[in-house]
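Structural overview for review
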Amino acid sequence: MKIAFGLRVRNMIKFLRLLGFCLLTVLACHASAQEKECAVVLMHGKWGNTQYISFFGNRLKPTCDYKSIEMPWSKRRNYDEPYLTALAEIKDQVEKFRQQGFKRIVLAGHSFGANAALAYMKNEGDVDAIVLLAPGHTPGSMYRQGIGRDAVDKARELVTAGKVDESLTMEDFNQGSRQSIRMKAGVLLSYFDPNGLGNMVLTSAQFKKSVPVLWVVGTRDPLFPLGSSFGYDRTPPNAASKYLVVDADHANTPDASVGQVVEWLKALP
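Let us look at the structure shown here. This is a predicted model, so every value here is computed, not measured.

Once that is clear, we can look at the state of the cysteines. Under the counting rule described, the total for this entry stands at one disulfide. Disulfide partner of Cys38: Cys64, at an S-S distance of 1.9 Å. Of note, the bridge from Cys38 to Cys64 carries an S-S torsion of about 85° and is right-handed in sense. You can see Cys38 sitting in strand E1 (residues 38-43) and its partner Cys64 sitting in the loop between helix H2 (54-60) and strand E2 (65-69), a full 26 residues away along the chain. Both residues of the pair, Cys38 and Cys64, count as buried.

Now the structure itself:
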């Protein structure tokens, strides 16, 4: 009887251990599923790199996972690929997140990165929300002021003649600073055509679908005086969209707004 009782006790202990293991496995799977609720594709601004926006990206966790990608307008890449290739690079990361099981994919960008988020919604439109941090790069304004105008006109001539790979030097502009950059005619026109993909007034109104938009601008940003009518008011209506003003200049807008961005992400339906 004692032997039989002992066997029953040992079997019960084994059963409880197995049950506990199964429960832990279920909880781990549940936690893993929770971790895959949201992912952000994050893009830096003109002449920057992924490190410039790393503080903002790290603050998104644990609300959302994120991947910061180096774009063709980084200081290192120096416009090595045209705008459509840049959008393809974004799409590649979006698809990687989808394959990993994330339920919501958010596209977020600072300055030129925000410009790209708008262009992406025009051409691809397969993300679930976008965050625009101090949107920048205004080729129309540059052209009207004569900044790089001759290079843009020449690039258009070369592209029309099929000479897309012929190189040109252009004076680029970024928040008061100017820099001479040499690039192929097709690349140059793709970014600096005043009526092309870089025109945020146009792309804001051309989304493939309506998604929540968080448009963030600092009170000391050059575009702040233009208000929400510059681009935000043109985006497709969405109940979760928001125009957010923070006390910051252009460069510091991501860090100044990150707490409110996180709260907005948490509140998305």
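Next, the rest of the story.
The next point concerns the nonpolar core. Tyr79, Tyr83 and Ile90 are the most contacted members of the largest nonpolar core, which has 53 residues in total. Residue contributions to this core peak at eight residues, all from helix H4 (residues 112-123). With residues up to four places along the chain from it excluded, the contact list for Ile90 reads Val41, Met43, Ile69, Met71, Leu107, Ala116 and Tyr120. Listed in part, the 25 residues of the second largest apolar core include Val40, Phe56, Val216 and Leu244.

What follows deals with empty space enclosed by the protein. For the structure shown, the criterion picks out one cavity of 30 Å³ or more. For the largest cavity, the calculated volume is near 50 Å³. Lining the largest cavity are Ala134, Pro135, Trp215, Val217, Asp221, Leu223, Gly227, Phe230 and Tyr243. Here the residues of the lining of the largest cavity are counted per class, giving seven nonpolar, one polar and one charged.

At a closest axis distance of 10 Å, the pairing of helix H3 (residues 83-99) and H4 adopts a crossing angle of 80°. Judged by the angle between their axes, H3 and H4 are roughly perpendicular. Residue-level inspection shows Tyr83, Leu84, Leu87, Ile90, Lys91 and Val94 of H3 in contact with H4, the latter providing Phe112, Asn115, Ala116, Ala119, Tyr120 and Asn123. Here the residues of the contact of H3 with H4 are counted per class, giving nine nonpolar, two polar and one charged.

For H4, with twelve residues, the first-to-last C-alpha span of 16 Å sits near the 16 Å given by 1.5 Å per residue. Of all the twelve residues making up H4, ten are buried; the element is thus mostly covered by neighbouring parts of the structure. Phi turns positive one or two residues past the end of H4, at Gly125, with a value near 70°.

Strand pairing in a sheet relies on backbone hydrogen bonds, with the paired strands running either antiparallel or parallel. The six strands are arranged E2-E1-E3-E4-E7-E8 in an open sheet whose pairing can be described as parallel. Sheet topology places E2 and strand E8 (242-249) at the edges, where each strand pairs with a single neighbour. Averaged over all pairs of adjacent strands, the angle between strand axes in this sheet comes to 20°, irrespective of strand direction. Sheet topology note: the strand E7 (residues 213-220)/E8 ladder contains six bridges and is parallel. The residue of E8 that forms the bridge with Gly218 is Val246.

So, about the environment of Ile90. With respect to the helices and strands, the residue Ile90 is situated in helix H3. A relative accessible area of 0% means that Ile90 is categorised as buried.

This brings us to the pattern of salt bridges. The full count for this structure, using the stated rule, is 18 salt bridges. Across the pair Glu89 and Arg77 runs a salt bridge whose closest N-O atoms are separated by 2.9 Å. Of this pair, Glu89 sits in helix H3 while Arg77 sits in the loop between E2 and H3; the two residues are twelve residues apart in sequence, bridging distant segments of the chain. Between Arg220 and Asp247 there is a salt bridge whose closest N-O contact spans 2.6 Å. Here Arg220 is found in strand E7, whereas its partner Asp247 is found in strand E8, with 27 residues between them in sequence. The same class applies to Arg220 and to Asp247, which are both exposed. Three or more residues are tied together by salt bridges with common partners; here these are Lys91, Glu95, Glu124 and Asp126.

Procedures and definitions
Residues numbered from 1 in each chain as written. Predicted model: local features only at pLDDT ≥ 70, side-chain atom pairs only at ≥ 80, totals over all residues. Heavy atoms only, no water. Disulfide = S-S within 2.5 Å. Helix = DSSP H or I, 4+ residues; strand = E, 2+ residues; numbered from the N terminus. Buried < 20%, exposed > 50% of the residue type's maximum accessible area, 1.4 Å probe, protein only. Core = buried A, V, L, I, M, F, W, Y, C linked by side-chain atoms within 4.5 Å. Contact = heavy atoms within 4.5 Å. 1 Å grid on protein atoms, 1.4 Å probe; cavity = no way out; pocket = protein on both sides within 12 Å on 5 of 7 lines; lining within 4 Å. Points joined across faces, edges and corners; volume = space filled by probe spheres on them. Nonpolar A, V, L, I, M, F, W, Y, C, P; charged D, E, K, R; others polar. Axes fitted to C-alpha atoms, helices over the stretch in contact; angles between N-to-C directions. Parallel < 35°, antiparallel > 145°, perpendicular 65-115°, else oblique. Expected span 1.5 Å × (residues − 1). Pairing = 2+ DSSP bridges. Salt bridge = Lys/Arg side-chain N within 4 Å of Asp/Glu carboxyl O.

Shape is all these values report; function is a separate question.
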